[in-house]
Protein chains: 2
Amino acid sequence: METQDADSASGFERVFVYLRERLLDGTLKQGERLMAERELALQLGVSRPIVREALRALHMLGIIEIRERVGTIVKRPDASMLKDFFTLALAQQADLIDDVMEARIAIECQAVRLACERATIADFERLQRALVRIGETIDDADAGGSADFDFHRAIVLASRSPTLAVLHESMSTLLARSHRSRRELVQQFSSMKSYLIDDHKRVFDTIVSRDADRAEVTLRRHFAIGDEYRRRAVTGEGDRVEARSAQGT
Amino acid sequence: METQDADSASGFERVFVYLRERLLDGTLKQGERLMAERELALQLGVSRPIVREALRALHMLGIIEIRERVGTIVKRPDASMLKDFFTLALAQQADLIDDVMEARIAIECQAVRLACERATIADFERLQRALVRIGETIDDADAGGSADFDFHRAIVLASRSPTLAVLHESMSTLLARSHRSRRELVQQFSSMKSYLIDDHKRVFDTIVSRDADRAEVTLRRHFAIGDEYRRRAVTGEGDRVEARSAQGT
DNA sequence: TCTTCGTTCTGGTAAGACCAGTACGATGAC
DNA sequence: GTCATCGTACTGGTCTTACCAGAACGAAGA
């Protein structure tokens, strides 16, 4: 007697839309518990499995949290599902990685600008720590890649932007892998060690100086140089070219 | 006799992980159909509703497509669920909108750079069309906001980056609303008309000139000016200030 | 007042069934 | 032999009923 008007749409759609509307119009607020599955099913005139499908869908969206034997509550939105998405999407479309890297550059370049405005002492310290670790792990591809990644993440965190952070984090799986493989080039190009250390230091300095424009330029150049190394590795130019470029820089 | 071996994880988790692995290791490729729900349930030793939950979850991730009475197929990854996410996330955290706007700026600034490298004639034409529409709809908040949005979307499309496009698109709901509300300021600030027309034109010109650095600077300034108008509107400065600023610019 | 216990509620899952279209092979007409 | 038609098997969509185990919470007892 309550839901037969909501025809046309499938059961799942009905439940999903119903819940979405409740979330959008503020009827369901963060931290609140929503109806029990059974009650929801009864009220919407669908079966419980259908309700569960809709809840699972919202759960994947990072909007609700399903606590076993407790209930379903609205949680702080969390885009961690993007991680799964990027990972799976990449598996289907391997060529996507360069594309994602471009998006990552977008995120970080904006982040470094905001970081110049908003970074706190704690952010500086985190950046500093990452910087030190980059120096310490310069000869270790694994730890080095991890340190490199931490530095870049520290930049994003320093931007104090949850959205940028979550987007960056979503790409982390890919980024981490990329950082690591780039680190393996260190064996090939001896000048890379100083590049890795000095260039990150430069980026750090510009953030400390709070000059957004220069920070972005520096970071872009940092990416460009890294790309250049990778390009050279692909085209087969090795140590020989290395010597020249080392003094050229 | 079927499930006790698959320990620890819940039924849903088992199915989800199973499918994810298949997708990651290439066993399931794009366009392929996966097992029927019943068969999947039988093989994994879970009930069909559980299988359906997992399929629904993957569907939300934009990885698979469920065709009624036909089957479930692996499709080209599609991040359109981000739209739902941002919309719902914003409803829960209204303060997130400025944050999302910053992410949007990140996307567009990178996009405009790439557009300078990659834009085709078709992209220029699309930008041009949007530009014309901005001029035509300058007095209409609705159509004007839409035209404005189209222009910015055209920039992202010109970047030829699927990832940037999908991220931008995900924020479209919020952006569209924001563009519209900004357009209402036109009534308040007469100088906004020329700003809207000239500034977009300037951005367009820099893209045509394929000067990435200048394009980004121009676009950033474009955003900054828009922000400035909004700031003034919030602080209550209206037409009075307007006259001065008009000649000041 | 604090502890303990048990009822109740909750999510997790299973199993079986029916519906309505789709896909496709078999059958029949031409 | 070719083509149109027709069944039938299969598929997803959904409902129903039922049981489990742990959490929550109030009542009863120490």
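For the structure, see preceding data.
Residues numbered from 1 in each chain as written. Chains lettered and ligands numbered in written order. Predicted model: local features only at pLDDT ≥ 70, side-chain atom pairs only at ≥ 80, totals over all residues. Heavy atoms only, no water.

K.L.:
Even after reading the chapter, I still don't get the protein's contact with DNA strand D, so can you show me in this structure?
P.N.:
Residues in close proximity to DNA strand D total 26 residues, the closest being G11 and S47 of chain A together with R38, R48 and R52 of chain B. One of the backbone N or O atoms of E37 of chain B is found 2.9 Å from a phosphate oxygen in DNA strand D. With respect to DNA strand D, the side chain of R48 of chain B contributes an N or O atom lying 2.6 Å from a base oxygen. For the surface near DNA strand D, the secondary structure elements donating two or more residues are α1 (11-24) and α3 (48-60) of chain A together with α2 (37-44), α3 (48-60), β1 (64-67) and β2 (71-74) of chain B. The residue inventory of the surface near DNA strand D, partitioned by class, reads eight nonpolar, six polar and 12 charged. (Near = heavy atom within 4 Å. Polar contact = N/O pair within 3.5 Å; in protein donor to acceptor, adjacent residues only side chain to side chain. Helix = DSSP H or I, 4+ residues; strand = E, 2+ residues; numbered from the N terminus. Nonpolar A, V, L, I, M, F, W, Y, C, P; charged D, E, K, R; others polar.)

K.L.:
I keep staring at the protein's contact with DNA strand C and nothing clicks. Help me out?
P.N.:
Close to DNA strand C lie 25 residues; R38, R48 and R52 of chain A together with G11 and S47 of chain B are nearest. The protein-proximal atoms of DNA strand C, defined as those within 4 Å of the protein, are 61% sugar or phosphate. Between DNA strand C and the protein, one listed contact pairs a base nitrogen with a side-chain N or O atom of R48 of chain B at 3.4 Å. Secondary structure elements with two or more residues in the surface near DNA strand C: α2 (37-44), α3, β2 (64-67) and β3 (71-74) of chain A together with α1 (11-24) and α3 of chain B. Broken down by element, the residue count for the surface near DNA strand C peaks at three residues, all from α3 of chain B.

K.L.:
Would you take a moment to explain the interface of chain B and chain A for this structure?
P.N.:
Quite often, the size of an interface is put as the accessible area lost when its parts meet. Contact residues are listed per partner, giving 54 residues for chain B and 54 residues for chain A. Taken over both partners, the interface formed by chain B and chain A buries close to 4,600 Å², and the fraction arising from carbon and sulfur atoms is 65%. Remark: the boundary between chain B and chain A carries 10 salt bridges. Between R20 of chain A and D84 of chain B there is a salt bridge, and its shortest N-O distance comes to 3.3 Å. Here chain B and chain A share 24 residue pairs in polar contact (both at pLDDT 80 or more) between them. (Contact = heavy atoms within 4.5 Å. Buried area = accessible area lost by both parts, 1.4 Å probe. Salt bridge = Lys/Arg side-chain N within 4 Å of Asp/Glu carboxyl O.)

K.L.:
Just checking my understanding: could you explain the nonpolar core for this structure?
P.N.:
Most often, soluble globular proteins keep nonpolar side chains buried together rather than apart. If you look at the biggest cluster of nonpolar residues, it comprises 135 residues, and the most contacted ones within it are L61 of chain A together with L61 of chain B. Grouped together as the second largest cluster of nonpolar side chains are nine residues, I138, L185, F189 and Y195 of chain A included. (Core = buried A, V, L, I, M, F, W, Y, C linked by side-chain atoms within 4.5 Å. Buried < 20%, exposed > 50% of the residue type's maximum accessible area, 1.4 Å probe, protein only.)

K.L.:
In this structure, what is going on with the pattern of salt bridges? I would like to understand it.
P.N.:
If charged atoms from side chains of opposite charge come close, those side chains can pair. Here the structure, examined in full by the defined rule, presents 55 salt bridges over all chains. Where R48 of chain A meets E37 of chain A, a salt bridge forms, and the shortest distance between an N and an O atom there is 2.6 Å. With R48 of chain A in helix α3 and E37 of chain A in helix α2, this pair connects stretches of sequence that are 11 residues apart. Exposure remark for R48 of chain A: the relative accessible area of 32% places this residue in the partly exposed category. E216 of chain A is the partner of R220 of chain B in a salt bridge, and the nearest nitrogen-oxygen pair spans 3.5 Å. A residue pair is termed interchain when its members come from two chains, as with R220 of chain B in helix α11 (residues 212-234) and E216 of chain A in helix α11 (residues 212-235). Residue R220 of chain B shares its accessibility class with E216 of chain A, and that shared class is buried. When salt bridges that share partners are traced, they join R113, D213, E216 and R220 of chain A together with R113, D213, E216 and R220 of chain B into one network.

K.L.:
Quick question: what am I supposed to make of the sheet that holds β2 of chain A here?
P.N.:
Each strand in a sheet pairs with another by means of backbone hydrogen bonds, the pair being arranged parallel or else antiparallel. Residue and element names in this part refer to chain A. The strand order β1-β3-β2 describes an open sheet built from three strands, whose pairing is antiparallel. Since the sheet does not close on itself, it has two edges, and those belong to β1 (33-34) and β2, each with one partner. Relative to β3, β1 is paired through two bridges, and the arrangement is antiparallel. The residue bridging L34 from the neighbouring strand is T72, located in β3. (Pairing = 2+ DSSP bridges.)

K.L.:
Just to check I follow, could you spell out the pairing of β2 of chain A for this structure?
P.N.:
The two faces of the sheet receive side chains in turn, since in a regular strand these alternate between them. Across four bridges, the pairing between β2 of chain A and β3 of chain A is antiparallel. Counted as the bridge partner of I66 of chain A is T72 of chain A from β3 of chain A.

K.L.:
Whenever I open this one, empty space enclosed by the protein confuses me. Can you help?
P.N.:
The gaps of empty space that remain are located by a probe, the size of a water molecule, rolled over the atoms. All names here are of chain B. As enumerated under the stated definition, the model contains two cavities of 30 Å³ or more in all. There is about 100 Å³ of room inside the largest cavity. Taken together, M101, R104, D148, H152, H179, R182, Y195, L196, H222 and F223 make up the lining of the largest cavity. Partitioning the lining of the largest cavity into residue classes produces four nonpolar, three polar and three charged. What the second largest cavity holds in volume is close to 80 Å³. (1 Å grid on protein atoms, 1.4 Å probe; cavity = no way out; pocket = protein on both sides within 12 Å on 5 of 7 lines; lining within 4 Å. Points joined across faces, edges and corners; volume = space filled by probe spheres on them.)

K.L.:
How should the environment of R56 of chain B be read in this particular structure?
P.N.:
With respect to the helices and strands, R56 of chain B occurs in helix α3. In this structure R56 of chain B comes out as buried when scored by relative accessible area, which is 14%. A C-alpha to C-alpha distance of 32 Å links R56 of chain B and D150 of chain B, two positions 94 residues apart in sequence. Not counting residues within four places of it along the chain, the set of residues in contact with R56 of chain B comprises F12, E53 and A57 of chain A together with I66 of chain B.

These values are about where atoms sit, not about what they do.
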